[in-house]
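Each chain, letter by letter, is given below.
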Number of protein chains: 2
Amino acid sequence: MSNIAAAIITIGDELLIGQTIDTNSAWIAQHLSELGIDVLRRVAVGDDRNAIIKALDEEISGASLVIITGGLGPTADDITKPLLNEYFGGRMVVNERVLEHLKAIFTKRNRPFLERNMKQAEVPDTCTVLFNKMGTAPGMWFDKGEKVIISLPGVPFEMVSIMEDEVLPKLRERFYSDALLHRSVVTAGEGESFIAEKIQDLEEALPAHIKLAYLPGAGMVKLRLTGRAADPVTLSKELEERQAAIADRLGNIVIALEDIPLEQILGRWFISNNATLGLAESCTGGYVAHHITQVKGSSAYFKGSIVCYSNDIKEQLLGVKKETIDEYGAISEQTVTEMVQGALTVLGVDVAFAVTGLMSEGGDSQEQTGTVWMAVADKDSLKTKKFWFPYDRARNKEMTVSMGLLMIWKFINKQ
Amino acid sequence: MSNIAAAIITIGDELLIGQTIDTNSAWIAQHLSELGIDVLRRVAVGDDRNAIIKALDEEISGASLVIITGGLGPTADDITKPLLNEYFGGRMVVNERVLEHLKAIFTKRNRPFLERNMKQAEVPDTCTVLFNKMGTAPGMWFDKGEKVIISLPGVPFEMVSIMEDEVLPKLRERFYSDALLHRSVVTAGEGESFIAEKIQDLEEALPAHIKLAYLPGAGMVKLRLTGRAADPVTLSKELEERQAAIADRLGNIVIALEDIPLEQILGRWFISNNATLGLAESCTGGYVAHHITQVKGSSAYFKGSIVCYSNDIKEQLLGVKKETIDEYGAISEQTVTEMVQGALTVLGVDVAFAVTGLMSEGGDSQEQTGTVWMAVADKDSLKTKKFWFPYDRARNKEMTVSMGLLMIWKFINKQ
């Protein structure tokens, strides 16, 4: 049995002029995909009657499930609700549960419930109401023959709440489909084409129901296997065999068999080894620490970073010797070595990482733009490495952080 | 003169299964909008031949300009290039400039140039090549009658670089003979509707060839005047008169007459006042320092940040008293006050900023999630402020940094 095909329509001018980044679609797609429903198209249109109707016609004709977000608020430019009422040939009726909920919200906010607020409690009589406990605009579920069309508010936490409480359970019941599973192999240090070459025979030998995708990022390439089959147990086993074969072939460029960020992989190691981490950052200006602290629970192992943008901070707080900087420069193996040693001692951590470099032209350094020295150390060993990044300031900083996290990973994994 | 209608097609399975959030579309929409080009639809499809062709047919029929991103890498799942070649009835030819650039990249990375890499230098002979100095996959510009179809790589910084260097200038030439100019007024601390009310008469008095757009961000609203006219000198004068009138009316909520980030506005103040800045960051984990150091030349005034994620670093490096943390908690006015005083002294700076808070549930704090204390000080005065952010971890961190930079701006401008 083939998968259910879905489409997502997002409504709102703010999405088209680039003022808002659409995070709802990714959330919806991820969660539908876990149910085995494939999102085949996503369309964004403005708050425009004709554009919305055109999108509805097109997407309903091509998919079994259409999820619409946005355009449900109380203001003049939110036109989705009356339009859907008309589109599905219904009439607007007051929903008592929504009305009660609205009145409670108004009371709580100490605002009078006016006649015009009644409109917010009205819904098309052709829909099943999807209760919105997080806000005022209810979601709506329409059945049209074999197809399902769902309208949700655009506010992310309201959308998520209705999806989790109402939509996903109902969809699971409504549609049966094959299992869809993913397995990942995360690699670092080699490019897409190197990897493709290396696993060409494994890729060519994949059966028709398993696909391989390359997802490149800074210094890393993620390989994602996607399989579809009736039986999830067999499929899972099959995928894991393919995953293991690829990982085995790629050897030590593999850093994880799960699609999670490198900083989270590091976090797991520090937690399971009961170790602490500290940083001394010059050219990255706190950006390595920012990545580390994006991980929830990082306070269990991350003690801090000394962002020593100026040389006197390197000397005063990290104990880098003035003579070292004078003789070798702030961007040198000698300076980064003293920085990492300083971080180990001053922050009192088990593992320290230090970085110094020149992200863009200017400053008084003699070094070539893009030159970066990094060091990582524990009480027993210390490693340094020189990098050179050829991009602009922002991109060089991104690359430095990716390579820095990778250097920490290699160090703790004794590579 | 009416605006040009554009559509954006993004290609890639990773967008449909929700693994990647589409930030490219927002960037493209914003920059087209500055040229006076309106994005009317955005469509995302997977790495699927029929889906891509259907999207091309539909979007080309409804728009004068179609921009396609993604699907241009060297691997098997990147099918856009051969597909576009076929779609526009061309044949693949090796582009010498691209080939030379590719070989240089491979040499620099110390990798062998493989036979399959030759394919990356091939482009349809029906397109104008858009040189990609940041990566390996070139962009492609196709003319089809009066319409323009552009294909770009999906890697964000490669897309941005090609758009800025090649696409935007060419689009200006292709679609407009008039001069197009922008002037901005950046405000902070008041909402969109307050501002709209205050400058209503000025907005209504704008001539037809000058438009005003409101671009709200975290704690800030940018007003952008866009003018189009035959004579750039007269237009520039006109725009600056309108800009001055708006800025004058809005008084001290105006923080800049240029559309630049707040960290750059801060940088100018520190340079022209020959003053230095230092930070003490707990919950932002170096993210404020990251923003400050995104500005080229920031080493002239930014000395560093003590990222004190753990309490003992707050005590040891910043001199926060243990009793203060024990009695009031790490997230308190008392602690943030001692942090900012510590930063002033330890980093030896003229102005210091400190922040401590709880970005997501967990940890041992008694405070409500989203609670943040900030402080800013110089040798004469010290200000503290409590904030509360209701979002998830990542968004709360972003909001904290925006509000923190704004707090520094208000402090140095004595507001």
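Just so you know, these numbers come straight off a predicted model, no measurement behind them.

Thresholds applied
Chains are numbered independently. Their residues run from 1 in the order of the written sequence. All chains are assigned letters beginning with A, and all ligands numbers beginning with 1, in the order in which they are written. Since the coordinates come from a predicted model, pLDDT governs what is reported: local features require at least 70, and pairs of side-chain atoms require 80 or more to be given and counted, while whole-chain, interface and lining totals use all residues. As used throughout, a nonpolar core is a set of buried Ala, Val, Leu, Ile, Met, Phe, Trp, Tyr and Cys residues joined through C-beta atoms within 7 Å of each other. Three exposure classes are used, based on other C-beta atoms lying within 10 Å of a residue's own C-beta, which is placed from the backbone: buried for 20 or more, exposed for 12 or fewer, and partly exposed in between. Residue pairs are scored as contacts if the distance between their C-beta atoms, which are placed from the backbone, is within 7 Å. Axis definition: a line fitted to C-alpha atoms, over the contacting stretch in the case of helices. Angles run 0 to 180 degrees between N-to-C directions. Every helix listed is a DSSP run of H or I at least four residues long, and every strand listed is a run of E at least two residues long, numbered separately from the N terminus. For classification purposes, angles smaller than 35 degrees are called roughly parallel, those larger than 145 roughly antiparallel, those between 65 and 115 roughly perpendicular, and all remaining angles oblique. Working rule for handedness: look at the near helix, and if it is turned counterclockwise from the far one by less than a right angle, call the crossing left-handed; if clockwise, right-handed. Here the nonpolar group is Ala, Val, Leu, Ile, Met, Phe, Trp, Tyr, Cys and Pro; Asp, Glu, Lys and Arg are the charged ones; every other residue, Gly included, is treated as polar. The domain boundaries here were taken from an automatic or database domain assignment. Only when DSSP finds a minimum of two bridges between them are two strands counted as paired. Multiply 1.5 Å by the residue count of a helix minus one, and that product is the helix's expected span. pLDDT expresses how confident the predictor is about each individual residue, on a scale running from 0 to 100. The definition of a right-handed crossover adopted here requires that, viewed with the strands pointing away, the path from the first strand over the helix to the second runs clockwise.

A.B. asks: Looking at this structure, I do not really get the nonpolar core. What am I missing?
C.D. replies: The nonpolar side chains of a soluble globular protein tend to be buried with one another. Counting residues in each nonpolar core, the largest one holds 133 residues, and the members touching the most others are Val-340 and Ala-352 of chain A together with Val-340 and Ala-352 of chain B. The residues touching Ala-352 of chain B, leaving out its near neighbours within four places in the chain, are Gly-278, Leu-279, Ala-280, Val-340, Ala-343, Leu-344, Leu-347 and Ala-377 of chain B. By size, the runner-up hydrophobic cluster in this structure holds 85 residues, among which are Ile-28 and Val-167 of chain A together with Ala-7 and Ile-149 of chain B.

A.B. asks: Before we go on, may I ask you to explain the packing of helix α11 (residues 262-272) of chain B against helix α16 (residues 393-412) of chain B in this structure?
C.D. replies: When two helices pack together, their arrangement is captured by the angle between the axes and the distance separating the axes. All names here are of chain B. At their nearest, the axes of α11 and α16 sit 10 Å apart, and the two run at 30° to each other. Judged by the angle between their axes, α11 and α16 are roughly parallel. Between α11 and α16 lies a crossing of left-handed hand. Across the interface between the two elements, Leu-262, Glu-263, Ile-265, Leu-266 and Trp-269 from α11 touch Leu-405, Leu-406, Ile-408, Trp-409 and Ile-412 from α16. Within the contact of α11 with α16, the residues separate by chemical class into nine nonpolar, no polar and one charged.

A.B. asks: I'm lost on the domain arrangement of chain A in this one. Help?
C.D. replies: Along its sequence, chain A is carved into domain 1 (4-174), domain 2 (179-256) and domain 3 (262-412). Between domain 1 of chain A and domain 2 of chain A, the C-alpha centre-to-centre distance is 36 Å.

A.B. asks: Explanation requested: the interface of chain B and chain A in the structure shown.
C.D. replies: The interface of chain B with chain A comprises 62 residues on the first partner and 60 residues on the second. For the side of chain B that touches chain A, the secondary structure elements donating two or more residues are α1 (13-16), α2 (24-35), β2 (37-45), α6 (115-118), α12 (287-293), β14 (302-308) and α16 of chain B. When the residues that make up the side of chain B that touches chain A are grouped by side-chain class, the tally is 29 nonpolar, 22 polar and eleven charged. Of the strand pairs in this sheet, strand β14 (residues 302-308) of chain A and β14 of chain B are connected by five bridges, and their pairing is antiparallel. Counterpart to Ser-305 of chain A in the pairing with β14 of chain B is Val-307 of chain B.

A.B. asks: Would you take a moment to explain helix α15 (residues 333-347) of chain B for this structure?
C.D. replies: For an α-helix, 3.6 residues make a turn, and residues three or four places apart therefore share a direction. Helix length check: α15 of chain B, at 15 residues, gives a terminal C-alpha distance of 21 Å against a target of 21 Å (1.5 Å per residue), a fit within 8%. The complete set of buried residues in α15 of chain B reads Thr-335, Val-336, Thr-337, Glu-338, Met-339, Val-340, Gly-342, Ala-343, Leu-344 and Leu-347 of chain B.

A.B. asks: Looking at this structure, how should I read the packing of helix α13 (residues 311-318) of chain B against α15 of chain B?
C.D. replies: Residues and elements named next belong to chain B. The N-to-C vectors of α13 and α15 enclose an angle of 45°; their axes lie 9 Å apart at closest approach. Considering their axes alone, α13 and α15 lie oblique with respect to each other. Considering how the two elements wind past one another, α13 and α15 form a crossing that is left-handed. Each of Lys-314, Leu-317 and Leu-318 in α13 lies in contact with α15, whose residues at this interface are Met-339, Gly-342, Ala-343 and Val-346. Its residues assigned to classes, the contact of α13 with α15 shows five nonpolar, one polar and one charged.

A.B. asks: What is the right way to read the confidence of the model for chain A from this model?
C.D. replies: For any part of a model where pLDDT is low, the fine detail of the predicted coordinates should not be relied upon. All names here are of chain A. Across chain A, the average pLDDT comes to 90, with 96% of residues at 70 or higher. Here helix α1 (residues 13-16) is the element of chain A with the lowest mean pLDDT, 78, and strand β13 (residues 277-281) is the one with the highest, 98. The ipTM assigned to the predicted complex is 0.76, against a pTM of 0.78.

A.B. asks: What am I meant to see in the pairing of β13 of chain A here?
C.D. replies: Looking down a regular strand, the side chains alternate between one sheet face and the other. All names here are of chain A. Where burial is concerned, most of β13 is hidden: five out of the five residues are buried. In terms of strand pairing, β13 meets β14 through five bridges, oriented parallel. When the bridges of β14 are listed, Ala-280 appears paired with Ile-306. Each parallel crossover has a hand, and the one from β13 via helix α11 (residues 287-292) to β14 is right-handed. Where β13 meets strand β15 (residues 351-357), five bridges bridge the pair, whose relative direction is parallel. Bridged to Leu-279 within β15 is Phe-353.

A.B. asks: How do you make sense of the sheet that holds strand β9 (residues 179-188) of chain A when you look at a structure like this?
C.D. replies: Strands in a sheet are paired, the pairing made by backbone hydrogen bonds, and the direction either parallel or antiparallel. All names here are of chain A. Strand order in the open sheet made by the four strands is β10-β11-β9-β12, with antiparallel pairing throughout. Here the strands that pair on one side only, and so sit at the sheet edges, are β10 (210-217) and β12 (254-256). Within this sheet the neighbouring strands show an average axis-to-axis angle of 30°, counted without direction. For β9 and strand β11 (residues 220-229), the ladder comprises ten bridges, and the chain directions are antiparallel. Of the residues in β11, the one forming a bridge with Thr-187 is Val-221.

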